[in-house]
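Spelled out from the first residue to the last, the chains are:
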Amino acid sequence: MADLLFYTFAFLTLACAALVVINKNAVNAAMFLIVSLVGVAGLFVLLDAALLAFVLLLVYAGAVVALFLFIIMLLDTTPGAMKPFKAATMIASTVGGALLVVGVLSLYHRAQFPAAAAPVAAPTLKAYAEQLFTTYLLPVQVVGFMLLIAMLGVIVLSKKFAVPEDVS
Amino acid sequence: MITPVLAVIGLNTYLHVAALLFALGFIGVLLRKNTLVVFMCLELMLIASTIALAAFSKFNGTLDGNVFVFFILTIAAAEVAVGLAIIVALFRQRHTVQLEELNHLKH
């Protein structure tokens, strides 16, 4: 049963990721990104990380993809205006991606991994909180500051400045 | 007869899925010309790394990988906010988001 679920979610993730890459319309690509993220959330549940699955869906499908859709509809040129890919670009990117897969997989097969899953209980919310507020306290604070800086950066970036001259 | 790869869902299976997802995002970054779609493919690459981290965490019996996924999600949210603000600022100046038209440094 878990095997079937794994293959379903893995197929959903990879197929929708491929559709994100090849879709002509940016809005459809964002929609397929949501479906791909649902597949990843399913994989997280199978990995005993249900909390991460919820956080992923809330942050990504809720906030990030909504922001993407907002910006696409604000800016994007006419859908379907995409030129077909150049043959050289396609060959180069496919070869590059294949080389990446081969490299990463050869790394996996040389590494010494534990043969079977260590039988541990699924992590509880309390365990996450304990880690975040003891071992990882400093990174949590740094990440909080980084969010603040990102917010200030976005405010500064979206201010209207006096443009000295229009280059284009 | 089922091959051994299909028989056991272990750490390697998850890592293969993560590698394939990362490669798909990589291909998208190289292939696409729309800045927004390129940015979405970057997000796919980040998500692929989180799958690998969660799988390592489960199969080693520690929580560290899962905590790292938290941090990656936070950083990704901040990155998307700043990146989209930059894209909007770029669009205001150049009136396009197509990468092949954003070549002013070349000339």
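Here, the structure is the one placed above.
Summarised in this report is the structure supplied together with it. (Residues numbered from 1 in each chain as written. Chains lettered and ligands numbered in written order. Predicted model: local features only at pLDDT ≥ 70, side-chain atom pairs only at ≥ 80, totals over all residues. Heavy atoms only, no water.)

Backbone geometry at Asp48(A) places phi at a positive 65°, although glycine is not the residue there. Within the secondary structure, Asp48(A) is located in the loop between α2 (26-46) and α3 (50-75). Its identity as a non-glycine residue notwithstanding, His95(B) has a phi of 60°, on the positive side. The exposed category is assigned to His95(B), whose relative accessible area is 55%. (Helix = DSSP H or I, 4+ residues; strand = E, 2+ residues; numbered from the N terminus. Buried < 20%, exposed > 50% of the residue type's maximum accessible area, 1.4 Å probe, protein only.)

Let's shift gears to the nonpolar core. In terms of nonpolar packing, the biggest core is built from 71 residues, with Phe44(A), Leu56(A), Tyr60(A), Tyr14(B), Leu21(B) and Leu84(B) touching the most fellow members. Elements with a minimum of two residues in this core: α1 (2-22), α2, α3 and α5 (125-133) of chain A together with α2 (11-31), α3 (35-60) and α4 (64-94) of chain B. Among the elements that take part in this core, α3(B) stands out by supplying 13 residues, more than any other. Residue contributions to this core reach at least three from each of two domains, namely domain 1 (1-78) and domain 2 (123-160) of chain A. In this structure, Leu56(A) is in contact with Leu37(A), Val40(A), Ala41(A), Phe44(A), Ala61(A), Ile47(B) and Leu73(B), ignoring residues within four places of it in sequence. (Core = buried A, V, L, I, M, F, W, Y, C linked by side-chain atoms within 4.5 Å. Domains from an automatic or database assignment. Contact = heavy atoms within 4.5 Å.)

Counting residues at the interface gives 81 residues for chain A, matched by 73 residues for chain B. Both faces combined, the contact of chain A with chain B buries some 6900 Å², and carbon together with sulfur accounts for 79% of it. On the chain A side of the contact with chain B, Leu47(A), Phe68(A) and Leu75(A) bury the most area, a combined 10% of that side's loss. There are one salt bridge connecting chain A and chain B. On the surface where chain A and chain B come into contact, there are seven residue pairs in polar contact (both at pLDDT 80 or more). The set of elements that each furnish at least two residues to the side of chain A that touches chain B consists of α1, α2, α3, α4 (87-110), α5 and α6 (137-157) of chain A. Looking at side-chain class alone, the side of chain A that touches chain B contains 60 nonpolar, 13 polar and eight charged residues. (Buried area = accessible area lost by both parts, 1.4 Å probe. Salt bridge = Lys/Arg side-chain N within 4 Å of Asp/Glu carboxyl O. Polar contact = N/O pair within 3.5 Å; in protein donor to acceptor, adjacent residues only side chain to side chain. Nonpolar A, V, L, I, M, F, W, Y, C, P; charged D, E, K, R; others polar.)

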